[in-house]
Amino acid sequence: MRVLVTGGAGYIGSVVTEELVRDGHEVVVYDSLYKGHRGAVVAGAEFVEADLMDGERLRRAFREQRTEAVIHMAADSLVGESVTNPSKYYRNNVIAGLALLDAMHDCEVRRLVFSSTAATYGEPEKQPIEESDPTNPTNTYGQTKLAFEHALPWYERAHGIRHASLRYFNAAGATRHCGEMHDPETHLIPIILQAAAGKRDAVEIYGEDYPTRDGTCVRDYIHVVDLARAHILALSILDTHSAVYNLGCGGDGYTVKEVIDATRAVTGREIKVKVGARRPGDPAFLVASSARIKHDLNWSPQFQDLNLIIESAWHWMQSHPDGYAG
Ligand code: UFG
């Protein structure tokens, strides 16, 4: 299939592109490099450096490639920043998203896979979380992702654009070539690995007074390759219908302290920790039920073992000591 990937030079986008190219799809990476990295553009994909709001360039890319499907991952995704700067998040996650849908309609592109998030659920009432559970985001990031999800059925009704919204839980891990590098880094596993590598003094645990097995927050970590495979499977439903799917490994999830201990075991390094205050807006538990995508698309995570996820991220960090600059 001829696929255009927005945000394809980002962490998850680069791995999705890698998997698409491996499967023989023709891929255009469409990325402004505002957050993405030129070095993350996968060999074998065409690259267009442009903004989603550049409607003319986007339409030209669709027409030149004769695009058949879009995987939309370009977005802002910092929970804390979204709360202090809602305008940025509405502009980049909703308005730019609608500009994409309008361009798709103009160019008769009618398949969309959308990168959504567990943050659409807010403070869940039960675990594991199912797609039919209430969505009550507690931050602007989750709210803007949900706002875009809500636009999709109306575009389907008016213009026939079919869509699969994939609600990611905690993406982690790396491939040989593509890994996680954010500036600033806010995600737990890269932060712990930076401490293991001696690039930071200690890991701060954000609160140990949660009602969990060791007092720290429980999350559902999913390897980025397992996420990527789900995008490719999701493309296959779009000839007939639309859907929303959770993507996590399920089970009991892992606490922050468990992730730190696993990283000590994987790296063999000392990792200092200090306990700080809770981070505002962090739910105690976020664990997915991915039963729907398992049933509908026969998807299942290949990297269920947290140690393997951490190991892949550690290898990537060691082989890319300066990230994509090195
Ligand atoms: N944490 C720490 N110390 C740190 C960083 C994180 O204790 O230095 C804790 C957090 O409090 C949280 C857990 O580690 O309990 C995981 O935090 P991350 O920031 O890695 O991930 P989140 O669960 O906050 O966020 C992820 C995605 C978001 C998405 C959210 C959905 O990164 O984009 O899941 O709930 F919105």
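Here is a short report on the structure shown in this document. (Residues numbered from 1 in each chain as written. Predicted model: local features only at pLDDT ≥ 70, side-chain atom pairs only at ≥ 80, totals over all residues. Heavy atoms only, no water.)

**Observations regarding the packing of helix 4 (residues 86–106) against helix 5 (residues 140–159)**
Applied cut-off: Axes here mean lines fitted to C-alpha atoms, for a helix over just the part in contact, with angles spanning 0 to 180 degrees between N-to-C directions. Helix and strand assignments follow DSSP, with helices taken as H or I runs no shorter than four residues and strands as E runs no shorter than two, numbered in order from the N terminus. Note on terminology: angles under 35 degrees are roughly parallel, angles over 145 are roughly antiparallel, angles of 65 to 115 are roughly perpendicular, and the others are oblique. Two helices crossing with the near one rotated counterclockwise from the far one by less than a right angle form a left-handed crossing, whereas a clockwise rotation gives a right-handed crossing. In this description, contact between two residues means that some pair of their heavy atoms is separated by no more than 4.5 Å. Just so you know the grouping, Ala, Val, Leu, Ile, Met, Phe, Trp, Tyr, Cys and Pro go in nonpolar, Asp, Glu, Lys and Arg go in charged, and all remaining residues, Gly too, go in polar.
Running from amino to carboxyl end, helix 4 crosses helix 5 at an angle of 20°, the nearest separation of the two axes being 9 Å. Classed by the angle they form, the pair helix 4 and helix 5 counts as roughly parallel. Seen along the crossing, helix 4 lies across helix 5 with a hand that is right-handed. Residues Pro86, Tyr89, Tyr90, Asn93, Val94, Gly97, Leu98, Leu101, Asp102 and His105 of helix 4 form the contact with helix 5, whose own contacting residues are Thr140, Tyr141, Gln143, Thr144, Ala147, Phe148, Ala151, Leu152, Tyr155 and His159. Residues that form the contact of helix 4 with helix 5 fall into these classes: 12 nonpolar, seven polar and one charged.

**Re the sheet that holds strand 12 (residues 254–255)**
Strands pair in a sheet through their backbones, by hydrogen bonds, and they do so in one of two ways: parallel or antiparallel. Selection rule: A strand pair is defined by DSSP finding two or more bridges across the two strands.
Strands sit in the order 12-9-14 across an open sheet of three strands; the sheet is mixed. Bordering the open sheet on either side are strand 12 and strand 14 (285–286), each of which pairs with just one other strand. Strand direction decides the pairing type here: strand 9 (residues 218–219) and strand 12, joined by two bridges, are antiparallel. Looking at the pairing, arginine 219 lines up with tyrosine 254 of strand 12.

**Comments concerning the site of the ligand**
Spelled out, the test is: We call a residue near a molecule or strand whenever a single non-hydrogen atom of that residue lies within 4 Å of it. Pairs of N or O atoms are called polar contacts if they sit within 3.5 Å, as long as, within protein, a hydrogen donor faces a hydrogen acceptor (for residues adjacent in sequence, only side-chain-to-side-chain pairs). Under the convention used here, a 1.4 Å probe and the Shrake-Rupley method define accessible areas, while residue burial counts only the protein chains that appear. Note that the domain bounds reflect an automated or database-derived domain assignment.
Taken together, the neighbourhood of the ligand is formed by 21 residues, with His187, Glu204, Arg219, Arg279 and Asp282 sitting nearest. In this structure, threonine 186 approaches the ligand through a main-chain N or O atom, which is 3.4 Å from an oxygen atom. Arginine 219 is positioned such that a nitrogen or oxygen atom in its side chain is 2.8 Å from an oxygen atom of the ligand. Considered on its own, the ligand offers 680 Å² of accessible surface; in the complex 91% of this is hidden by protein. Only helix 6 (188–196) and strand 8 (203–206) provide two or more residues apiece to the shell around the ligand. Here the shell around the ligand gets three residues from one element, more than from any other, and that element is strand 8. Partitioned by chemical class, the residues of the shell around the ligand number 12 nonpolar, five polar and four charged. Each of domain 1 (2–172 + 221–247) and domain 2 (188–219 + 251–325) accounts for three or more of the residues forming the shell around the ligand.

**Concerning the nonpolar core**
The test is simple: In these notes, a set of buried Ala, Val, Leu, Ile, Met, Phe, Trp, Tyr and Cys residues joined through side-chain atoms within 4.5 Å is what counts as a nonpolar core. The rule is simple: take the accessible area with a 1.4 Å probe, protein chains only, and divide by the maximum for that residue type; under 20% is buried, over 50% is exposed, in between is partly exposed.
If you look at the biggest cluster of nonpolar residues, it comprises 44 residues, and the most contacted ones within it are Ile12, Leu20, Ile71, Leu235 and Leu247. Elements that contribute at least two residues to this core include exactly strand 1 (2–6), helix 1 (11–22), strand 2 (26–31), strand 4 (69–72), strand 6 (162–168), helix 7 (224–235), strand 11 (243–247) and helix 9 (291–297). Among the elements that make up this core, the one with the highest residue count is helix 7 (eight residues). Counting residues in hydrophobic clusters, the runner-up holds 26 residues, among them Ile192, Ile260, Ala262 and Ile309.

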